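Inside the fold
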Amino acid sequence: MLDLTDDLVVVAEAADGARAVEAVRTTRPDVVLMDIRMPGVDGLEATRRIAEDRSLDRVRVVMLTTYEVDAYVFEALRHGAAGFLLKDIEPDDLRAAIRTVAAGRSLLAPAVTRRVIEEFARLKAPEAAGAERLAVLTGREREVMALVAAGLSNEEIGRALIMSPLTAKTHVSRTMTKLGARDRAQLVVLAYETGLVRAGER
C-alpha cells in the first residue's frame, strides 16, 4: 500500500528487531514503522538501539500495536519513539501519520496516546529526583512543558501564555535541549515521570 503512494518509498523490511536495526543503519530511513511484538529482539529493544545510536538521530520510530493500552507503548516512548499507531488505522490516516513524523512532529494528537501515557503515569510513581532534573528549566519553560504534556500545540500554548507560536516553539525546543529529550513525545513522558504533571490534572 505504501509502495503505491507517490511520495512514500519503502526502502527496507525486516521480520525481527535485530534485522530492523541493521536495515535502519544501512538505509537511514526517515520513518520506521516498528511492530512491538516480534521474535528475538522485540520492537522495544530495537527502538532503544536506534534511539541511542547518535548516527541515527534523524530516524523517527513509530510503534505499531494491536491494543489501545499496551505496557510496551509507554516504554517505547521513553526509549525515543515518536509516537504509536493502532494496527487497524485507515490507510489514508497511516500515510498522513508517516508524513507527520517525517516532518519532525510527534504523533501525540490522537487521544489514545494521552490515555496510554496517563494510564502508566498512574502506575508509576514520579521519580524522586524529578525536582532536581527540572532545576535546569526556567519557570516559563516548566509552564510550557506542562502544556505540551496536556497535548497543546505551539499555537495553543501561545494563546494560553500570551505569546506568539514562534516564541512557544522556541521555549519547547530549549526545554527539550536542556532535558535531552528527543522530541515532544519524550517531553510528555518526562513531565509525568518527574511529577511536573499528574494524570487527571490540568
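Everything numeric here is computed off the predicted structure, so don't read it as measured data.

Here we look at the confidence of the model for the chain
Confidence in the prediction of the chain, expressed as mean pLDDT, is 84, and 83% of residues score 70 or more. At the level of individual helices and strands, the chain shows its lowest average pLDDT in helix α5 (residues 111–123), which scores 59, and its highest in helix α1 (residues 17–27), which scores 95.

With respect to the layout of surface pockets
Considering only enclosed or pocket space, the largest pocket measures out at about 880 Å³ in volume. For the largest pocket, the lining is made up of 32 residues, of which Val10, Ala12, Val31, Val32 and Leu33 are closest to its centre. No other element matches the five residues that strand β1 (residues 31–35) contributes to the lining of the largest pocket. Grouping the amino acids of the lining of the largest pocket by side-chain chemistry returns 23 nonpolar, one polar and eight charged.

Considerations on the packing of α1 against helix α2 (residues 43–52)
For the pair α1 and α2, the least separation of the axes is 8 Å and the interaxial angle reads 25 degrees. Classified by the angle between their axes, α1 and α2 sit roughly parallel to one another. For the element pair α1 and α2, the recorded crossing hand is right-handed. In contact with Gly17, Val21, Val24 and Arg25 of α1, α2 contributes Ala46, Arg49 and Ile50. Residue composition of the contact of α1 with α2, by class: four nonpolar, one polar and two charged.

Considerations on the packing of helix α7 (residues 139–149) against helix α10 (residues 184–193)
Where α7 contacts α10, the axes come no closer than 8 Å and their chain directions differ by 105 degrees. Considering the angle they form, α7 stands roughly perpendicular to α10. Counted together, Met145, Val148 and Ala149 of α7 and Arg184, Leu187, Val188, Leu190, Ala191 and Tyr192 of α10 form the full contact between these two elements. Residue composition of the contact of α7 with α10, grouped by class: eight nonpolar, no polar and one charged.

Looking at the pairing of β1
As defined by bridge partners, β1 adjoins strand β2 (residues 60–65) across five bridges and the pair is classed as parallel. Bridge assignment links valine 32 to a residue of β2, and that residue is valine 61.

Comments concerning helix α8 (residues 154–161)
Here α8 has its buried residues at Asn154, Ile157, Gly158 and Leu161. Angular distribution of buried residues about the axis of α8 spans 100 degrees; they occupy a single face of the element. In α8, the exposed positions angled more than 90 degrees off the buried face are occupied by Glu155 and Arg159. Remark: isoleucine 162 follows α8 within two positions and exhibits a positive phi of approximately 55 degrees.

So, α10
Of all the 10 residues making up α10, 10 are buried; the element is thus mostly covered by neighbouring parts of the structure. Among the residues making up α10, those that are buried are Arg184, Ala185, Gln186, Leu187, Val188, Val189, Leu190, Ala191, Tyr192 and Glu193. The N-capping residue of α10, defined by a side-chain oxygen 3.1 Å from the backbone nitrogen of glutamine 186, is aspartate 183. Once α10 ends, the next one or two residues include glycine 195, with phi positive near 85 degrees.

Reading the values: rules and limits
Residues numbered from 1 in each chain as written. Predicted model: local features only at pLDDT ≥ 70, side-chain atom pairs only at ≥ 80, totals over all residues. Heavy atoms only, no water. pLDDT = per-residue confidence, 0-100. Helix = DSSP H or I, 4+ residues; strand = E, 2+ residues; numbered from the N terminus. 1 Å grid on protein atoms, 1.4 Å probe; cavity = no way out; pocket = protein on both sides within 12 Å on 5 of 7 lines; lining within 4 Å. Points joined across faces, edges and corners; volume = space filled by probe spheres on them. Nonpolar A, V, L, I, M, F, W, Y, C, P; charged D, E, K, R; others polar. Axes fitted to C-alpha atoms, helices over the stretch in contact; angles between N-to-C directions. Parallel < 35°, antiparallel > 145°, perpendicular 65-115°, else oblique. Left-handed = near helix turned anticlockwise from the far one by under 90°. Contact = heavy atoms within 4.5 Å. Pairing = 2+ DSSP bridges. Buried < 20%, exposed > 50% of the residue type's maximum accessible area, 1.4 Å probe, protein only. Arc of directions from axis to C-beta. Polar contact = N/O pair within 3.5 Å; in protein donor to acceptor, adjacent residues only side chain to side chain.

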